[in-house]
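In case you want the letters, here they are:
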Protein chains: 2
Amino acid sequence: MSTDTNASILKLERFLPYRLSILSNKVSSLVADIYKDKFAISITEWRIMAVLGEYPDISADEISTKTQIEKSILSRSVSRLLKRKLIERELAEDDRRRSVIRLSATGKSVYDEIVPLSYEYERALLQCFSQQEQAQFSALIDQLYEHANSLQV
Amino acid sequence: MSTDTNASILKLERFLPYRLSILSNKVSSLVADIYKDKFAISITEWRIMAVLGEYPDISADEISTKTQIEKSILSRSVSRLLKRKLIERELAEDDRRRSVIRLSATGKSVYDEIVPLSYEYERALLQCFSQQEQAQFSALIDQLYEHANSLQV
DNA sequence: AGCTAATAGTTGCAATACCAACCAATTTAG
DNA sequence: CTAAATTGGTTGGTATTGCAACTATTAGCT
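Residues numbered from 1 in each chain as written. Chains lettered and ligands numbered in written order. Predicted model: local features only at pLDDT ≥ 70, side-chain atom pairs only at ≥ 80, totals over all residues. Heavy atoms only, no water.

Chain A is annotated in an unreviewed UniProt entry as MarR family transcriptional regulator of Alteromonas aquimaris.

### What to know about the protein's contact with DNA strand D
What counts here: The cutoff for a nearby residue is simple: one of its non-hydrogen atoms must lie within 4 Å of the molecule or strand. In the analysis that follows, any N or O atom pair within 3.5 Å is treated as a polar contact, provided that within protein one partner can donate a hydrogen and the other can accept it, and provided that, for residues neighboring in sequence, both atoms belong to side chains. Put simply, DSSP marks the helices as runs of H or I at least four residues long and the strands as runs of E at least two long, and each gets a number from the N terminus on. Under the scheme applied here, ten amino acids are nonpolar (Ala, Val, Leu, Ile, Met, Phe, Trp, Tyr, Cys and Pro), four are charged (Asp, Glu, Lys and Arg), and all others, including Gly, are polar.
Close to DNA strand D lie 19 residues, the nearest being A:D61, A:K71, A:R76, A:R89 and B:R76. Sugar and phosphate atoms represent 56% of those atoms of DNA strand D found within 4 Å of the protein. The contact in question runs from a phosphate oxygen of DNA strand D to an N or O atom on the side chain of A:R89, over 2.5 Å. In this structure, B:R96 approaches DNA strand D through a main-chain N or O atom, which is 2.8 Å from a phosphate oxygen. Of all the secondary structure elements, the ones that give two or more residues to the surface near DNA strand D are α3 (60-67) and α4 (71-83) of chain A together with α4 (71-83) of chain B. Per-class residue counts for the surface near DNA strand D are 2 nonpolar, 5 polar and 12 charged.

### Describing the protein's contact with DNA strand C
In the neighbourhood of DNA strand C, 19 residues make up the surrounding shell, with B:D61, B:K71, B:R76, B:R89 and B:R97 lying closest. Here a base oxygen of DNA strand C and a side-chain polar atom of B:K71 are 2.8 Å apart. Looking at the surface near DNA strand C, the elements with two or more residues in it are α4 of chain A together with α3 (60-67) and α4 of chain B. Broken down by element, the residue count for the surface near DNA strand C peaks at 4 residues, all from α4(B). For the surface near DNA strand C, the class distribution of residues is 2 nonpolar, 6 polar and 11 charged.

### Quick notes on the relation of the copies chain A and chain B
Note the cut-off: Our superposition of the copies is a least-squares fit, built on the C-alpha atoms of residues whose pLDDT is at least 70 in both. Residue contacts follow a heavy-atom distance rule, with two residues in contact if any of their heavy atoms lie within 4.5 Å.
The transform that puts chain A on chain B rotates by 180 degrees and translates by 0.0 Å along the axis, for an RMSD of 0.1 Å. The transformation just described matches what one would write down for a two-fold rotation axis. Most of the interface of chain A is mirrored in chain B, where 100% of its interface residues are also at the interface.

### What to know about the UniProt feature "domain: HTH marR-type" (unreviewed entry) in chain A
Note the following rule: UniProt positions are given in the numbering used here, feature names are shortened, and annotations may be inferred rather than shown by experiment.
With numbering matched to this structure, UniProt assigns "domain: HTH marR-type" (unreviewed entry) to residues 13-146 of chain A. Helix makes up 71% of residues 13-146 of chain A and strand 7%, and the two end C-alpha atoms of the span are 24 Å apart.

### Considerations on the pattern of salt bridges
Two side chains bearing opposite charge may form a pair once their charged atoms approach each other closely. Residues and elements named next belong to chain A. Where we set the bar: Take a side-chain nitrogen of Lys or Arg and a carboxyl oxygen of Asp or Glu: if they are within 4 Å of each other, that pair is a salt bridge. Each residue's exposure class comes from its accessible area (1.4 Å probe, protein chains only) as a fraction of the maximum for that residue type: buried when under 20%, exposed when over 50%, partly exposed otherwise.
Counted under the stated rule, the structure contains 20 salt bridges over all chains. Where R97 meets D95, a salt bridge forms, and the shortest distance between an N and an O atom there is 2.8 Å. In this structure, R123 and E120 form a salt bridge, with 2.7 Å as the shortest nitrogen-oxygen distance. With R123 and E120 both in helix α5 (residues 105-126) and 3 residues apart, the pair spans about one turn of that helix. The exposure class assigned to R123 is partly exposed, which follows from its relative accessible area of 34%. Looking at E120, the relative accessible area reads 33%, which means it is partly exposed. What you see here is one network of salt bridges that share partners, running through D57, E88, E90 and R102.

Here it is in structure tokens:
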């Protein structure tokens, strides 16, 4: 990590935000290729399906807060997934603004195929770490995320 | 970190690629706002300027490999920076396909303003870590990046 | 030299992202 | 009870992205 705060030159390749971005892009693009090649699903679409696998029958808004997908993007992604019959949607009885979304049977079967692939990929990634390092890294990520959140204006 | 590779449900919020993506977005969007508000410069543009601050008189192609910015995006960003007179460009004498890019005087003064802000931001981010944790986190990022790179098809 | 391949950079186009405006249903406050 | 504010979701406009095709120049091979 860079240490000299008053340096007059920025070493981009050691600058934390840059490094995180590069790392994240690399890690995500590898899975993205898998999802895309085998299932023609984007990362965004997969995230929606993933949340629905975990929490069936939630609203678009709940998906949005859980995945941090912006609501216009979510709306269009949901349309695509509906068109491809990977998810189903109906109006909520109690509040007709809301709708309730869930994986369709097809969607569930795709989900069931992707989940193990995802875990396998994560496992392959983490193979470069010892058990202890995994735990450390995980904790540090959480810690930094919390902190970054608190820096928000 | 998720441990059970055979789980039938994916916990998205504990899935490493997702967590890295969220963290990176958060961390980058905070700096992006600073660059944008104070200097009307995007992250991409800043990265280009940052590399030029470190390595003056390099070609677009060299910038591309150093920043991992795709060359079409780079080309357009360079145009914008030229138009705003933040950088200068001339043809390389030895190879007239290449051009040689550097910060202009204005660009350098903007650079000189942004660098301390960036370091300050990084410092603020890292305040949630002890010295030891910083070193660990940094090492783990490098380690994971190397490994992810090696998983490439 | 002369032809082919490779490289540096630009541009076109389709997909995606983001913001703001919008519609419809519901909640709140007077 | 009703007007205003809020909420869930969609849509429009615009900017950004990413791939591929293209131009121009240089390198390599025979």
